[in-house]
Amino acid sequence: MNQLKIGDQEKRIKFLENSVENCQCQRDHSADVYFDGSRTLNNDLSENIQNRSTSDELTVLKAESGAVESASKRNWRRLSGTDGNIAFFAKLTHTETQPSTLHTFVFDSAPTNIGGHYNRYSGMFTAPRHGTYVFSWTMFCSEGAHISSQLIKNADYIDATLCNAEGATYIRSTTGVSVLELNQGDVVFIRTHPTSGHRGDIKSNEYHLSTFSGWLL
């Protein structure tokens with residue numbers, strides 16, 4: 001829609017530019033005629049008014065056209081992440097029952113995914129370029145549970161948290177935060193510990209959400 005509007009404005013601008021040029025070429029120099037000691041503008045006055053009106057409209061249209069085009073470019077850069085704004089926030093929409101070792105958590109809903117670099121089908125974030133990124137994840141576990149989760153960069157373990165609800169009569173939660181230097185193409189995700197025995201479920205619902213988020217500093 002923005003492209004259509006820009007095209008219409010460009011046509012109008014071209015028409016007005018031609019009108020201004022024609023008005024300037026056809027100006028009646030008889031405006032220098034004097035009558036009863038006063039300078040008489042006669043028809044030249046109306047032509048000047050028309051010329052000024054056309055010029056004013058041309059100025060406004062050029063400004064509007066530039067604003068629309070700039071807004072369109074800014075919106076494209078925001079959505080693609082090329083303006084430096086890269087961020088995502090994802091959540092589990094269901095309970096993960098008795099996750100096994102090396103289980104990748106797929107946070108399947110991403111209300112925020114600027115640049116589209118988080119994949120809600122695989123649970124993985126892929127860095128679009130080199131930079132310093134912050135990642136945070138929160139896990140809720142059922143009463144009596146014991147589940148360790150890890151932040152993984154490519155195949156390397158970076159950070160870990162333990163959700164321990166042994167002896168508890170209600171759910172427990174844990175949150176991890178890490179700052180990573182990533183290269184373009186590096187992949188980051190959350191999984192269970194490869195050897196630790198896991199008991200219980202990872203809970204996520206409208207009352208307590210298990211989430212995964214990240215952004216470029």
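Residues numbered from 1 in each chain as written. Predicted model: local features only at pLDDT ≥ 70, side-chain atom pairs only at ≥ 80, totals over all residues. Heavy atoms only, no water.

Looking at the overall build of the protein chain
Note the threshold: The way it works is that DSSP assigns letters per residue, a run of H or I at least four long becomes a helix, a run of E at least two long becomes a strand, and they are numbered from the N terminus. Note on classification: 1.4 Å probe, protein chains only; a residue is buried when its accessible area is under 20% of the maximum for its type, exposed when over 50%, partly exposed between these limits. The contact criterion used is simple: two residues touch if any of their non-hydrogen atoms lie within 4.5 Å. Using a 1.4 Å probe, the Shrake-Rupley method yields the accessible areas, and only the shown protein chains count as cover for residues.
Assigned secondary structure in the protein chain consists of two helices and 13 strands. A buried classification covers 39% of the 217 residues belonging to the protein chain. Excluding contacts between residues fewer than 6 apart, the proportion of contacts in the protein chain whose partners are at least 24 apart in sequence is 71%. As displayed, the protein chain offers around 12500 Å² of accessible surface, 50% of which is attributable to carbon and sulfur atoms.

Side note on the sheet that holds strand β8 (residues 146-153)
Condition: By the convention used here, strands pair only if DSSP detects at least 2 bridges between them.
Judged by pairing direction, the sheet is antiparallel, and its five strands sit side by side in the order β5-β6-β11-β8-β9 without closing on themselves. The open sheet terminates on both sides in strands that have one partner only, identified here as β5 (118-119) and β9 (156-164). With two bridges connecting them, β5 and strand β6 (residues 124-126) associate as antiparallel partners. Across the sheet, residue Asn 119 finds its bridge partner in β6, namely Met 124.

Overview of the pairing of strand β7 (residues 131-141)
By the criterion of burial, β7 is predominantly enclosed, with ten of the eleven residues buried. Two elements, β7 and strand β10 (residues 172-182), share eleven bridges in a ladder whose sense is antiparallel. Residue pairing across strands places Phe 140 opposite Ser 173, the latter belonging to β10. Bridge analysis of β7 against strand β13 (residues 211-216) gives six bridges, and the strand direction is antiparallel. Of the residues in β13, the one forming a bridge with Trp 137 is Phe 212.

Looking at the nonpolar core
Note the cut-off: Here, the term nonpolar core denotes a set of buried Ala, Val, Leu, Ile, Met, Phe, Trp, Tyr and Cys residues that are joined through side-chain atoms within 4.5 Å.
Membership of the largest hydrophobic core comes to 27 residues, with the highest contact counts inside it found for Phe 107, Phe 125, Tyr 133, Phe 135, Leu 151, Leu 182 and Phe 212. For this core, the element with the highest residue contribution is β7, accounting for five residues. In this view, Leu 151 contacts Phe 135, Trp 137, Asp 156, Tyr 157, Ile 158, Asp 159, Ser 178, Leu 180, Val 188, Phe 189, Ile 190 and Phe 212; residues no more than four positions away in its chain are not counted.

Concerning the side chain of Glu 96
Rules: Only four residue types enter the charge count, namely Lys and Arg as positive and Asp and Glu as negative; His and the chain termini do not. A pairing counts as a salt bridge when a side-chain nitrogen of Lys or Arg comes within 4 Å of a carboxyl oxygen of Asp or Glu. Any pair of nitrogen or oxygen atoms within 3.5 Å is treated as a polar contact; in protein, a donor-acceptor pairing is required on top of that, and neighbouring residues in sequence qualify only through side-chain atoms on both sides.
Here Glu 96 shows up in the loop between β3 (87-91) and β4 (109-114). Within the buried core, Glu 96 has no salt-bridge partner, and the shortest N-O distance to an opposite charge, that of Lys 203, equals 12 Å. Engagement of the side chain of Glu 96 in a polar contact is seen with the side chain of His 94, the distance being 3.4 Å. At 3.2 Å, the side chain of Glu 96 and the side chain of His 103 are in polar contact.

Notes on the pattern of salt bridges
Scanning the entire structure with this criterion turns up one salt bridge. For Arg 199, the salt bridge identified is with Glu 166, shortest N-O distance 1.8 Å. Of this pair, Arg 199 sits in the loop between β11 (187-192) and β12 (202-203) while Glu 166 sits in the loop between β9 and β10, and the two are 33 residues apart along the sequence.

A closer look at the state of the cysteines
The condition that has to hold: Cysteine sulfur atoms that come within 2.5 Å of each other are treated as a disulfide pair.
Here the structure, examined in full by the defined rule, presents one disulfide. The partner cysteine of Cys 141 in its disulfide is Cys 163, sulfur to sulfur 2.1 Å. Handedness of the Cys 141-Cys 163 disulfide follows from its S-S torsion of about -85°: it is left-handed. Of this pair, Cys 141 sits in strand β7 while Cys 163 sits in strand β9, and the two are 22 residues apart along the sequence. With relative accessibility at 1%, the residue Cys 163 sits in the buried group.

Keep in mind these values describe shape, not function.
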